[in-house]
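Structural description and commentary
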Amino acid sequence: MHAQESRSAAELQADLQKANAEIQNLKRELERSRGNTAAPAATQAAAREEAVESAAAPATQTLDSVVVRSRRQLEKLHDVPVSISVVSGSELAREQASDFEAITKRLGNITFNQNNTRGSSLSVRGLGRRGFTETQDPSVGLIVDGVPYGLAQLGNFDFYDVQSVEVARGPQGTLQGKGASAGAITINSKGPSFTPSADLELTYGQRETVLLKGALGGPIVDDLLAWRGSFVVNNQRGYYTVGDDTGKELDTMYNRNRVSARTQFLLTPSADFNAKLSVDIQPRAAQLQNGLTNFTEVPLRYANGTVVDPSGTGNRSRLNRSWFANRSFNYDTFINSVERDGRVYQNETQGQIASSNGAVAELNYNLNDTHTLTSITGFRQYSFQARNDEGTPFDISKLGGGSVFYNQTTQEFRLTGKPSKLVDYQTGLFLMRTEDEIESRSSYGADAGAWFANNAQYATLVGSAGNNVGAGRSLATDALSGLYKWGEQYVKTFSKAIYGQANVHLTDDLTVTAGLRIGTEARSTTQLNNLRNLGYGAALNPVSVRVDGNGGSTSLGGFNSVAYTTANVANGTAGNLAGSNSAAQLAQANAIAQKYYGVATYAELSAAQKAQVAAAKAIRASQIGTLINQVRSDYKDQLHSAVLSPKYRINDDITAYASWQYGEKSGAALVVNGIPTTVKPERTNAYELGVKTFLLNKTLTLNADVFLMDIKNYQQTVVAVDDFATQDNIRNGIANPTAYTSIQGNVAKVQVSGVEVDAAYNGIPFTSFRVAASYNDARYKDFKNAGKPSELAYLSNPFIDRSGDRLGEAPFWTANLSGEYRRPVLGDKVFHASFTTAYIGRTNTDELISSYAWVPDHATTDLAVGLGHHKGSYDVTFVAKNAFNDTAHEKGWASYTPYPYPRWYGIVFSGRL
């Protein structure tokens, strides 16, 4: 056996020498054609990595240098004077890591805030979480194949045929693309090559998983035109099910139904010019990635003893009403259904239909021996449509949810130069235009009136209606049935920036990096809400509703009557005709009397009957709310980014650096309660001290840094008083009537400090390990107007002071540990096994910092074990994701979202020609 291993090792060593020769050819080609600086960097890194992986020989290997593209130059990770991590495409592929949820487990101090396709976001150092808003820039930039994405959700699809993924921490923007205030993640696809290749991978797994990946490429015309085509088909049934109240299974939650494809062409007509064109498409496909909600038992009383739900608008009160309680689905079925039997009960959830496609054209010109000009033109489209449910199988919400139709166009010109040994630099111009149309929909079914009524309204209509119960039930049905409210936002931006960064080599060992970015942002948001269908209850409309924040209103044609309040019901005036009513309005009132009570005129109704009409009108008015008639908000500003970073090479194995990074995140324009509102720009100063080392004869790479980030006007979801809802609560006599709405806003000051460590060890034969660990202390330093979480709603002060508290979604500790064992066996075969464990410390999932939203520390582990040919011509691998079935979650005040990806395992068959 030892001799067999020796022969196999010798063969693998020959492969390594061949790969190294290919790398040298790439270097010589790069010298001839210094355009397209990004592609050769990635190509070299991939070739080195493949060579090292192939050479899993008994002798101890040394780590090769890692080349990154975030610097847009061929610089070693060891020499980059900022905190940065990189993971290769092969590391991702070995355990089927193909989306943000999986990729971020393999990079240091970056987390994925799970939501549906529209609402997810990325955080670096605990900064960056965002809600469902398209008016806000992401704090963590996303750059895919050289093109910055204006919305993070453009990346919420499968990534495939990946060369490498990098995360740079701290403000970015002086080297390329769009600025980012917390960090940036860069994803690089494998590019076309003149070497023919063909790869195919097929995965079968639990929950009817079929995952097919392929890539094919090579020369079309030798030394002139090459191509590469790649695709992925991903189908998987979700773990959780959706069912109606009869027990019929309708669908599964967090299923996968994705198809993506990309075609690239590389043109190299001369040594001084090359061009690459890439076109990709991800067609519209439906997935259920919203509505996975486990409803929990809400406490009956707050900590001070007051009743939590005195008005009866909570789930317990609603579901125990006779309207719902006599059906097969009841409160006991509703509570903890996901935890109990893995099922949610809904009838209108139709999933999210999402698509994305785009094109990139990259041109590279060698102007002379020292300067290269690059042009990158990008276009991207994205669409998202949701059909949501309120969480029951009853006919309440119909066509609920929203839609997003987004497109962006970017143009970047970049000049890279090295005029002397003293200095090298990069400078550029960046332009970006985005257009975003966001729709919102609210439509109601026959059960909606009974659902949205408060206890008093329901009692008047049904519960205590006596002989009028038939009319009351009809009024409750017609109050909202068929009503369709539609809203739209048009968000437009135009970004311009110039940037530059230079490395000044003062000595062979001392280099100072300095960069500056100056940009302008012009943004506008136009919002409107109207009624598309009045449904069956048009005669119950209010007289008019507000259409802006300045007192403007529009007529809805309803008749004037005394409002429904408990006091007016008690004194017998609720529903009485009031003020002036036109002949048309009186005709509407009389029509109601005839339809529901069989009398000729409204005046013939009794006080109890008029109170029923008033209750139905109140239910309808509360759901119509405020209508907005083309209110526009504008924002313009000049933004800056800067970096100053000296580094000193102590010796060939140790480099120390210090850095100051400054970044500004654009403010925003939005409309709140019909009033144009702006959000202030976010300003970040980041300070860092770090060291990057090669140790133990270069078998250990150890990079570490300490950092401090001061952020002013930190952008996150905040709360503002909802004027309309508050007045509605006052009219209905609701205790604690002040209502709030979540909006994009600013926190005066946030500070994050911590330590980061990235290490890789390759000193054990056949074995390699990587670890990325971090400690973050992310706190609100000045946040006196924070919203109240649900359990503190009884407090009289409308806001609470969160100064000094930790941010939500910002754990103290995170760590990612991965390892791989590769050993030649059976002659030309390779046995391989790998794992990745992602640990997240105790964290709060609520931006309001609810005590019910803490998730305990937990870890998820992915495993892979396989056997294949040493040249990769075939391989069979067993993969287990979330192998130990980590499903940690918060307790939840009224509900929580379970972790959507329990344990999964499958078999991967792959081959290469």
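Only a predicted model underlies this, so the values are computations on that prediction, with no experimental measurement involved.

**Observations concerning the overall build of the chain**
- When helices and strands are tallied, the chain shows 15 helices and 42 strands.
- In terms of overall dimensions, the chain is globule-like: its C-alpha atoms have a radius of gyration of 31 Å, near the 29 Å expected for 913 residues.
- Considering only C-alpha atoms, the chain reaches an extent of 100 × 60 × 55 Å along its principal axes.
- Residue pairs in contact within the chain that sit at least 24 positions apart in sequence constitute 70% of those at least 6 positions apart.
- As displayed, the chain has an accessible area near 35,600 Å², and 55% of this comes from carbon and sulfur atoms.
- With 86 positive and 87 negative side-chain charges, the chain shows a spacing of 3 Å between the two charge centroids.

**As for the sheet that holds strand β6 (residues 140-144)**
- The strand order across the open sheet built from 5 strands is β3-β8-β9-β6-β7, with neighbouring strands paired in mixed fashion. Every other strand in the sheet has two partners, leaving β3 (84-88) and β7 (147-149) as the edge strands with one partner each. Averaged over all adjacent pairs, the angle separating strand axes in this sheet is 20°, with direction ignored.

**Section: the nonpolar core**
- Judged by nonpolar contacts, the single largest core of 63 residues is most densely connected at L107, L127, V165, V750, V752 and L807.
- With 6 residues, strand β32 (residues 700-721) is the largest single contributor of residues to this core.
- Ignoring anything within four residues of it in the chain, the contact list for V752 reads R125, L127, F707, L708, M709, I711, N776, D777 and A778.
- W451, A476, F559 and Y596 belong to the second-largest nonpolar core, a separate cluster that totals 49 residues.

**So, the sheet that holds strand β14 (residues 249-253)**
- Overall, mixed pairing links the 3 strands, which are arranged β14-β13-β18 in an open sheet. Two strands close off the open sheet at either side, each with one partner strand: β14 and β18 (343-345). Recorded for the sheet is a direction-independent mean angle of 30° between the axes of neighbouring strands.
- In the sheet, strand β13 (residues 240-243) pairs with β18 via 3 bridges, with the strands oriented parallel. The residue of β18 that forms the bridge with V242 is V344.

**Let's talk about helix α11 (residues 469-480)**
- Between its first and last C-alpha, α11 extends 18 Å over 12 residues, near the 16 Å set by a 1.5 Å rise per residue.
- Two residues or fewer past α11, G482 is found with a positive phi of approximately 85°.

**Some details on the environment of D145**
- Structurally, D145 can be placed in the loop between β6 and β7.
- The class for D145 is buried, based on a relative accessible area of 14%.
- As for D145 and D389, which are separated by 244 residues in sequence, their C-alpha atoms are 37 Å apart.
- Residues contacting D145, with those up to four places away along its chain left out, are I187, N188, S189 and V360.

**So, the confidence of the model for the chain**
- Taken as a whole, the chain shows an average pLDDT of 88; of its residues, 90% reach a score of 70 or greater.
- Contacts for the low-pLDDT stretch residues 27-64, under 50 throughout, to residues beyond four places or in other chains number 82 contacts.
- The low-confidence segment residues 69-75 (pLDDT under 50) makes 41 contacts with residues lying over four places distant or belonging to another chain.

**Looking at the packing of α11 against helix α14 (residues 607-624)**
- For the pair α11 and α14, interaxial distance at closest approach is 9 Å and the crossing angle is 20°. If you check the angle between α11 and α14, you find them roughly parallel. Along this stretch, α11 crosses α14, giving a crossing that reads as right-handed. Contact residues: A471, G472, L475, D478, A479 and L480 in α11; Q612, V613, A616, I619, R620 and Q623 in α14.
- Along the lines of polarity and charge, the residues of the contact of α11 with α14 split into 7 nonpolar, 3 polar and 2 charged.

**Considering helix α13 (residues 583-597)**
- Helix length check: α13, at 15 residues, gives a terminal C-alpha distance of 21 Å against a target of 21 Å (1.5 Å per residue), a fit within 8%.
- Of the positions making up α13, those classed as buried are Q585, A589, I592, A593, Y596 and Y597. Seen end-on, α13 carries its buried residues on one side only, within an arc spanning 100°. Away from its buried face, by an angle of more than 90 degrees, α13 presents the exposed residues A583, A584 and K595.
- Check the buried side of α13 and you find it contacts α11 and α14.

**Topic: the packing of aromatic side chains**
- Applying the stated rule across the entire model yields 25 aromatic pairs.
- For the pair F766 and Y821, a centre-to-centre distance of 6.0 Å together with 65° between the ring planes defines the contact as edge-to-face. Taken as a pair, F766 in the loop between β33 (740-764) and β34 (767-782) and Y821 in strand β35 (residues 813-825) lie far apart in primary sequence, 55 residues in all.
- Since its relative accessible area comes to 14%, F766 is described here as buried.
- Centroid distance Y852 to W893: 5.1 Å. Interplanar angle 85°. Geometry classified as edge-to-face. Of this pair, Y852 sits in the loop between β37 (843-844) and β38 (854-855) while W893 sits in the loop between β40 (874-881) and β41 (895-896), placing them 41 residues apart in sequence. Side by side, Y852 and W893 carry an identical accessibility label, which is buried.
- Site record: aromatic cluster; members linked through ring pairs are F295, F324, F329, F334, Y345, F394 and W451.

**Remarks on the pattern of salt bridges**
- Evaluated as defined, the whole model comprises 37 salt bridges.
- Where E820 meets R822, a salt bridge forms, and the shortest distance between an N and an O atom there is 3.3 Å.
- Each of R94, E95, R106, E820, R822 and D862 takes part in a single network of salt bridges with overlapping partners.

**Things to note about unusual backbone geometry**
- Of note, N713 is a non-glycine position whose phi angle comes to about 55°, a positive value.
- By the secondary structure assignment, N713 is in strand β32.
- Classification of N713 by relative accessible area gives buried; the value is 18%.
- A positive phi angle is found at L826, which is not glycine, with a value near 50°.
- Here L826 is to be found in the loop between β35 and β36 (829-840).

**Quick notes on the environment of N357**
- With respect to the helices and strands, N357 occurs in strand β19 (residues 351-366).
- Distance in space between the C-alpha atoms of N357 and T843 is 35 Å, their sequence separation being 486 residues.
- Contact partners of N357, with chain neighbours within four places excluded, come to D280, I281, Q282, F379, R380 and Q381.

**A closer look at the pairing of strand β9 (residues 183-189)**
- Burial within β9 is extensive, with 7 of its 7 residues counted as buried.
- Burial along β9 is two-sided: G183, I185, I187 and S189 and A184, T186 and N188, pointing in opposite directions, are all buried.
- Looking at chain direction, β6 and β9 are connected through 5 bridges and run parallel. Each bridged residue has a counterpart across the sheet, and for I143 the counterpart in β9 is T186.
- Judged from the 7 bridges that link them, strand β8 (residues 162-169) and β9 form a sheet pairing that is antiparallel. If you follow V162 over to β9, its bridge partner there is S189.

**Section: the pairing of strand β31 (residues 682-695)**
- Here strand β28 (residues 654-665) runs beside β31; their pairing, made up of 12 bridges, is antiparallel. By the bridge assignment, Y662 is partnered in β31 with N685.
- Summarising the sheet, β31 and β32 pair through 13 bridges and their orientation is antiparallel. Looking at the pairing, A686 lines up with M709 of β32.
- With antiparallel pairing between neighbouring strands as the criterion, β31 and β32 make up a hairpin whose turn holds 4 residues, including L696 at a positive phi of roughly 50°.

**Quick notes on a nonpolar patch on the surface**
- On the surface, a nonpolar cluster with roughly 530 Å² of combined accessible area is contributed by I220, V221, L224, F265, L267, L277 and V279.
- Going through the elements one at a time, β11 (209-221), β15 (256-270) and β16 (273-287) are the ones with two or more residues in the nonpolar patch.
- Of note, I220 is situated in strand β11.

**Focus: the side chain of H832**
- Along the chain, the position of H832 falls in strand β36.
- On the basis of relative accessibility, which here comes to 11%, the residue H832 falls in the buried class.
- Only 2.7 Å separates the side chain of H832 from the side chain of D875, close enough to count as a polar contact.

Reading the values: the criteria
- Residues numbered from 1 in each chain as written.
- Predicted model: local features only at pLDDT ≥ 70, side-chain atom pairs only at ≥ 80, totals over all residues.
- Heavy atoms only, no water.
- Helix = DSSP H or I, 4+ residues; strand = E, 2+ residues; numbered from the N terminus.
- Rg over C-alpha atoms; globule rule 2.2 N^0.38 Å.
- Contact = heavy atoms within 4.5 Å.
- Areas by Shrake-Rupley, 256 points an atom, 1.4 Å probe, with all protein chains shown as cover.
- Lys, Arg positive; Asp, Glu negative; His and termini not counted.
- Charge placed at Lys NZ, Arg CZ, Asp CG, Glu CD.
- Pairing = 2+ DSSP bridges.
- Axes fitted to C-alpha atoms, helices over the stretch in contact; angles between N-to-C directions.
- Core = buried A, V, L, I, M, F, W, Y, C linked by side-chain atoms within 4.5 Å.
- Buried < 20%, exposed > 50% of the residue type's maximum accessible area, 1.4 Å probe, protein only.
- Expected span 1.5 Å × (residues − 1).
- pLDDT = per-residue confidence, 0-100.
- Parallel < 35°, antiparallel > 145°, perpendicular 65-115°, else oblique.
- Left-handed = near helix turned anticlockwise from the far one by under 90°.
- Nonpolar A, V, L, I, M, F, W, Y, C, P; charged D, E, K, R; others polar.
- Arc of directions from axis to C-beta.
- Phe/Tyr/Trp six-rings, centres within 6.5 Å; stacked < 30°, edge-to-face > 60°.
- Salt bridge = Lys/Arg side-chain N within 4 Å of Asp/Glu carboxyl O.
- Patch = residues over 30% accessible without salt bridge, like charges linked within 9 Å, V, L, I, M, F, W, Y side chains within 5 Å.
- Polar contact = N/O pair within 3.5 Å; in protein donor to acceptor, adjacent residues only side chain to side chain.

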